[in-house]
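Residue-level listing of the chains:
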Amino acid sequence: MPLPRLRPALAAATCALAATFAFAHAAQAASTLEAVKARGMVNCIVSSGVAGFSLADEKGVQKGLDSDFCRAVAAATLGDPNKVNFVKTTAKDRFTSLQSGEGDLMARNSTWSLSRDTTLGLNFTGVNYYDGQGFMVRKSLNVKSAKELNGASVCSQQGTTTELNLADYFRTQNMKFEPVVFETIDDVTKAYEAGRCDVLTNDQSGLYTNRLKLAKPDEHMILPEVISKEPLGPAVRQGDEQWTDIVKWVQFALVTAEELGVTQANVVEMTKSNNPDIKRL
């Protein structure tokens, strides 16, 4: 085909392709919200049990920061915070569950990292908890610092940033360690208590939860070193900008409400406020 005739053909093909992508994007953009409304329920991926984030109480009611965020999204989209189906996952399976559509969003004390944000087809919508990785040991070991752990066996959870951080820390400190890895944090905690490893490593928030589950918590201590930055937050699938905006701004609204003192108890009264920030909220 001569060049003058090729250019219009390419232009037409490009326009057609762009229109196709635009149409597909527009269709996908509304798909999650439409699915949630049709289902009448938000499917929210949470942990299998982390105190303070998502843990079922004695009545089976999910409690914690992440569980309540799921309820906030349900309130925003369906007008009812109780219209949530909690999808419990292990750390290893959480991203696959979100990618496959098993959940509409993930609120599962998960670290927002570059690789996860760019290679897993996910979008993190913000940070709801700033954490950092640390170590727990038995007081009987007489260890006061993580720099004294050369040659130790260390229990950690599979499929987390914890594994990489652990290897990086020991390498940079010119120390050796023996990794002992399990799929769930409960298995990690049980193995540590049973003496299968000298050290348990987890996010700081998790370590204090792990210690409470031990038969004799006072016999264990958290070492002072924090070896990583772990910005935790909710995530959604990429390609659905409308849903991303909804989840993102639910989080922003929660933070703003807390700053402005707007609560469930006073929300009706607050609608009469003359404060422009409260009126916008």
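Residues numbered from 1 in each chain as written. Predicted model: local features only at pLDDT ≥ 70, side-chain atom pairs only at ≥ 80, totals over all residues. Heavy atoms only, no water.

(A) Seen up close, the sheet that holds strand β8 (residues 133-138). Read from one edge to the other, the open sheet built from five strands follows the order β10-β9-β11-β8-β12, with strand pairing classed as mixed. Each of the sheet's edge strands pairs with one partner strand only, and the pair in question is β10 (177-182) and β12 (220-222). Strand-to-strand, the axes of this sheet are offset by a mean angle of 30 degrees, without reference to chain direction. The sheet contact formed by strand β9 (residues 152-157) and β10 spans six bridges and is parallel. Pairing of Ala152 across the sheet is with Phe177, part of β10. Strand contacts of helix α7 (residues 185-193): β8, β9, β10, β11 (199-203) and β12, with the helix running at about 155 degrees to β9, the strand carrying the most contacts. Here helix α8 (residues 204-212) sits on the sheet in contact with β8, β11 and β12, set at roughly 130 degrees to β11. (Pairing = 2+ DSSP bridges. Helix = DSSP H or I, 4+ residues; strand = E, 2+ residues; numbered from the N terminus. Axes fitted to C-alpha atoms, helices over the stretch in contact; angles between N-to-C directions. Contact = heavy atoms within 4.5 Å.)

(B) Local environment of empty space enclosed by the protein. This model, assessed by the stated rule, comprises one cavity of 30 Å³ or more. If you add up the space inside the largest cavity, you get close to 280 Å³. In this structure, the largest cavity is lined by 26 residues; those nearest its centre are Arg108, Asn109, Gln157, Asn202 and Asp203. At four residues, α8 tops the list of elements feeding residues into the lining of the largest cavity. Split by residue class, the lining of the largest cavity holds four nonpolar, 15 polar and seven charged. (1 Å grid on protein atoms, 1.4 Å probe; cavity = no way out; pocket = protein on both sides within 12 Å on 5 of 7 lines; lining within 4 Å. Points joined across faces, edges and corners; volume = space filled by probe spheres on them. Nonpolar A, V, L, I, M, F, W, Y, C, P; charged D, E, K, R; others polar.)

(C) The layout of surface pockets, seen in detail. Volume-wise, the largest pocket comes out at about 950 Å³. Broken down by secondary-structure element, the contributors of at least two residues to the lining of the largest pocket are α3 (65-78), α9 (241-260), α10 (267-270) and α11 (276-280). Of the residues in the lining of the largest pocket, the class split is 17 nonpolar, five polar and four charged.

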